[in-house]
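# Descriptive structure summary
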Amino acid sequence: MGTHQNTDTGVGTDGDTAGTAAAPAAGHSTPEQGPLSTTLDPRYSAPEAEAVPWSAAEDLLHSAEVFWLTTVRPDGRPHVTPLLAVWQHGALHFATGAEERKARNLAQNQQVILTTGTNTLSDGLDLVVEGEAALVSDTDRLISLATAWSTKYGPDWHFDVADGAFHHPDGGSALVFTVPPHRVFGFGKGPTSSQTRWDFT
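Every value quoted in this text rests on a predicted model; they were computed, and no experiment measured them.

## A look at the pattern of salt bridges
The tally for this structure, following the rule as stated, stands at seven salt bridges. In this structure, Glu 100 engages Lys 102 in a salt bridge whose closest nitrogen and oxygen atoms are separated by 2.5 Å. Note that Lys 189 and Asp 126 form a salt bridge whose closest N and O atoms lie 3.2 Å from each other. One end of the pair, Lys 189, is in the loop between strand S13 (181–188) and strand S14 (194–199); the other, Asp 126, is in strand S8 (residues 125–132), and 63 residues separate them in sequence. The same class applies to Lys 189 as to Asp 126, namely buried. Residues participating in the shared-partner salt-bridge network are Glu 130, Arg 183, Arg 197 and Asp 199.

Listed below in structure tokens is the structure:
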């Protein structure tokens, strides 16, 4: 279920290509453990910049209230919408009604991007999370996520769990998706601008 807020994330540059200054993490192999590698791209970073540590990115994924989800329509056009998301066990999680456009897109194409950050130009960190969305249906996991939702967003976002989905007291229901990151880009802003890439695959 998305929010109705219309806030935007900050400005970033195209991070499709790999950087050249790598600082590998030590033996990590899953998103929950951390990235396989951390790379600072000097082409898009200030000369004195250093790679942002994954811990700083993970803190932002925990605390950010609004995320923007990009999915792909069946005809190939992108679809973008703001929503709430919870970071748990090395993955982002979001919820959506089964008949909403993003859920229908995911039935055809599970590749997604989630972004968050700030809409200021001179400070902060923007994140772009690339991954593949998968439906969460395990009851214990959904209960844990429902608790995380209400803890983070307050009692208005309390959900019960039944039949493999979230159910709101007002009668609405939502499917829950998990997105373990394949890669994450971090755009540090301000005088010491930086572009950091974390790879998980």
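## Examining the nonpolar core
Counting residues in hydrophobic clusters, the biggest one holds 39 residues, and the most contacted among them are Phe 67, Trp 149 and Phe 166. At the level of secondary structure, the elements contributing two or more residues to this core comprise helix H1 (54–63), strand S3 (67–72), strand S5 (86–88), strand S6 (91–96), strand S7 (111–116), S8, helix H3 (139–153) and strand S12 (173–179). Ignoring any residue separated from it by four or fewer positions in sequence, one finds Trp 149 in contact with Leu 84, Val 86, His 93, Phe 94, Ala 95, Gly 154, Trp 157, Phe 159 and Phe 166.

## Some words on H1
When we look at burial in H1, the residues that qualify are Trp 54, Ala 57, Leu 60 and Leu 61. Taken end-on, H1 shows its buried residues confined to a sector of 125°, consistent with a single buried face.

## Focus: unusual backbone geometry
A positive phi angle is found at His 89, which is not glycine, with a value near 50°. For His 89, the location among the structural elements is in the loop between S5 and S6. For Asp 163, which is not glycine, the phi dihedral falls at a positive 55°. Mapping Asp 163 onto the fold places it in the loop between strand S10 (160–162) and strand S11 (165–167). With relative accessibility at 78%, the residue Asp 163 sits in the exposed group.

## Observations regarding H3
The terminal C-alpha atoms of H3 lie 21 Å apart, and with 15 residues this matches the ideal 21 Å at 1.5 Å per residue to within 8%. Regarding H3, the residues found buried are Leu 142, Leu 145, Ala 146, Ala 148, Trp 149 and Tyr 153. End-on, the buried residues of H3 take up no more than an arc of 165°, which puts them together on one face. Set apart from the buried face of H3 by more than 90 degrees, the exposed residues are Asp 140 and Thr 151. Where H3 starts, the residue carrying a side-chain oxygen 3.3 Å from the main-chain nitrogen of Asp 140 turns out to be Asp 138. A positive backbone phi angle near 100° is found at Gly 154, which sits one or two residues after H3.

Parameters at a glance
Residues numbered from 1 in each chain as written. Predicted model: local features only at pLDDT ≥ 70, side-chain atom pairs only at ≥ 80, totals over all residues. Heavy atoms only, no water. Salt bridge = Lys/Arg side-chain N within 4 Å of Asp/Glu carboxyl O. Helix = DSSP H or I, 4+ residues; strand = E, 2+ residues; numbered from the N terminus. Buried < 20%, exposed > 50% of the residue type's maximum accessible area, 1.4 Å probe, protein only. Core = buried A, V, L, I, M, F, W, Y, C linked by side-chain atoms within 4.5 Å. Contact = heavy atoms within 4.5 Å. Arc of directions from axis to C-beta. Expected span 1.5 Å × (residues − 1). Polar contact = N/O pair within 3.5 Å; in protein donor to acceptor, adjacent residues only side chain to side chain.

Taken by themselves, the reported measurements are silent on function.
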